[in-house]
Every structure is written in structure tokens, then in C-alpha cells.
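A closer look at the structure
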Amino acid sequence: MNKNKLSIKKICILGLITALLITVSLTTTLFWKGKYVVQFTNGLYILFCLTIPGIGMLIVGVVYGSMIDSIANSFITIPITIFINVLIFLIIKISNKTFVQHILALFCCVLVFLYIPYQWYVNWNGLSSDERYGLLISELIVDAIQLLVSFIIFEFMFLTLTKTKLIIKIQKQY
């Protein structure tokens, strides 16, 4: 049997991972500050991209990112969310063999700051400069918190899976 071929088992696993990421994202939307949403699922998505072989996590990133933005009524950020998730996937799949996973995960967590220029030019374009800079500072704080917590979640989960050798078992099963 061809290992690269998608089977029903792999499709079900990807569906469960998508459901898990959406559930965690919906749970973390409790940490709202006004119109800002703090998502901590980037750490889990990065972990799954490192763990699950193949291109399945690319589909998961597009689906869960667009669904969460739709649920949060933030349709204008769907393109940047998809772009960031695709970029995370590509960076991890291309660089996985050359970089240490921890540095790679930190770099992927930093990609959350790509929301700022997008927001600056798309959402905040009609605002006065004072309002823009106020939103910029708020967004920097929210994104810094999101980066930190996402990286901590990644590190905790990665070290736990590595220490218990579950990461090898997951890769063999998939």
C-alpha cells in the first residue's frame, strides 16, 4: 500500500485534529479583550505539523483557521489566518531537518505578528493616527501574550511527547 495515499484512517485522524483545534480555539476565546481574540492553538498546530507526516496538516490549518475566524465573526482576517497557517506548515516541512524544533517553533509562533501589518492596512486604514497607534499597541500586547503562551504550550506538549516516546508512536501509526 502506498504510504502517501490518504486512507480513511488518516482522514479521520485529520478530522479529529481539526475538531480538537477548533474546540481548543473556542475554549481560548474566553480570553477576549474587547475585540481582540487571543488564540493559543498555534502551539498545538505547530506540534501537529512537526508530528504528523504528509500534507494533511496543511488542510487542517486552512479549515480550522477559517472556521475559527468565521465563528469569531472576523471574516476579514480569514485570508491572513490561512496565509499564516500555510506559512507555518511550509516552514516546518521544509526546515524540519535543518533546524532544532524549538527554534523552529519559536519562529513559527512569531508569525502571529503578521496580523499587525494586515490589520494596519485593511482594518485600520480609515482611522485617525491616534486610534491606529492605540490599536497597534493593544495588538502588540495581545500578540506577544499569544506568542508566549503558544510557545509554552508547544514546549510542554513536545517535551511530554518526546519524553514518553509518544511522538515516535504517533508518527509510526500515521
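Our structure's up above, just so we're on the same page.
Let me sum up the structure you'll find in this document. Here the residue numbering is sequential within each chain, running from 1 through the sequence in written order. With pLDDT at 70 or above as the cut-off, local features in this predicted model cover only qualifying residues; side-chain atom pairs require 80 or more to be listed or tallied, and sums for whole chains, interfaces and linings still use all residues. For side-chain calculations, the full set of non-hydrogen atoms in the structure is used, while hydrogens and water are omitted.

Describing the overall build of the protein
What counts is decided by this rule: Strands here are runs of E lasting at least two residues and helices are runs of H or I lasting at least four, both read from the DSSP assignment and numbered beginning at the N terminus. Summary of the burial criterion: residues with accessible area below 20% of their type's maximum are buried, those above 50% are exposed, and those between are partly exposed, where the area comes from a 1.4 Å probe applied to protein chains only. We call two residues in contact when some of their heavy atoms are within 4.5 Å.
Counting its regular elements, the protein contains 8 helices and 2 strands. Order of helices (α) and strands (β) in the protein, N terminus to C terminus: α-β-β-α-α-α-α-α-α-α. When each of the 174 residues of the protein is scored for burial, the buried share is 43%. For the protein, restricting intrachain contacts to residue pairs at least 6 apart in sequence, the fraction spanning at least 24 positions comes to 69%.

What about the side chain of T77?
In plain terms, the rule: Polar contacts, as counted here, are pairs of nitrogen or oxygen atoms within 3.5 Å of one another; within protein the pair requires one atom able to donate a hydrogen and one able to accept it, and residues that are adjacent in sequence qualify only if both atoms are side-chain atoms.
Examined against the element boundaries, T77 turns out to sit in the loop between α3 (56-71) and α4 (78-95). There is a polar contact of 3.3 Å between the side chain of T77 and the side chain of D69. Setting aside chain neighbours within four positions, we find T77 in contact with D69, Y118, Q119 and N123.

Points about the nonpolar core
Condition: Nonpolar core, defined: a set of buried Ala, Val, Leu, Ile, Met, Phe, Trp, Tyr and Cys residues in which side-chain atoms within 4.5 Å join the residues together.
Grouped together as the largest cluster of nonpolar side chains are 36 residues, with contacts concentrated most on L21, Y45, I46, M57, I88, I92 and F154. Of all the elements, helix α2 (residues 41-51) adds the most residues to this core, at 7 residues. If sequence neighbours within four positions are ignored, Y45 has contacts with L21, M57, L58, G61, Y64, N85, I88 and F89. If you look at the next biggest cluster of nonpolar residues, it comprises 5 residues, including I116, W120, W124 and L136.

Some details on the packing of helix α6 (residues 115-123) against helix α7 (residues 129-163)
For clarity, the threshold we go by: Working convention: axes come from line fits to C-alpha atoms, limited for helices to the stretch in contact. Angles between N-to-C directions cover 0 to 180 degrees. Just so you know how the angles are binned, under 35 degrees is roughly parallel, over 145 roughly antiparallel, 65 to 115 roughly perpendicular, and the rest oblique. By convention the crossing between two helices is left-handed if the near helix lies anticlockwise of the far one by an angle smaller than a right angle, and right-handed if it lies clockwise.
One can describe the packing of α6 onto α7 by two numbers: an axis separation of 10 Å at closest approach and a directional angle of 155 degrees. Comparing the axis directions of α6 and α7 gives the class roughly antiparallel. Helix-helix and strand crossings are classified by hand; for α6 and α7 the assignment is right-handed. Counted together, Y115, I116 and W120 of α6 and R132, Y133, L136, E139, L140 and D143 of α7 form the full contact between these two elements.

A few points about the packing of α2 against α7
Inclusion rule: Any residue that is not Ala, Val, Leu, Ile, Met, Phe, Trp, Tyr, Cys, Pro, Asp, Glu, Lys or Arg is counted as polar, Gly included; the first ten are nonpolar and the last four charged.
Look at α2 against α7: their axes get within 7 Å of each other, and the N-to-C directions meet at 40 degrees. Judged by the angle between their axes, α2 and α7 are oblique. For the crossing formed where α2 meets α7, the hand is right-handed. Between α2 and α7, the residues in contact are N42, G43, L44, I46, L47 and L50 and Q146, S150, I153, F154, M157, F158 and L161, respectively. Looking at the contact of α2 with α7 residue by residue, the classes come out as 9 nonpolar, 4 polar and no charged.

Some details on the environment of H102
Mapped onto the elements of the fold, H102 is located in helix α5 (residues 101-110). Linking H102 and L159, residues 57 residues apart in sequence, is a C-alpha distance of 10.0 Å. Setting aside its immediate chain neighbours within four residues, H102 contacts F151, F154, E155, F158 and L159.

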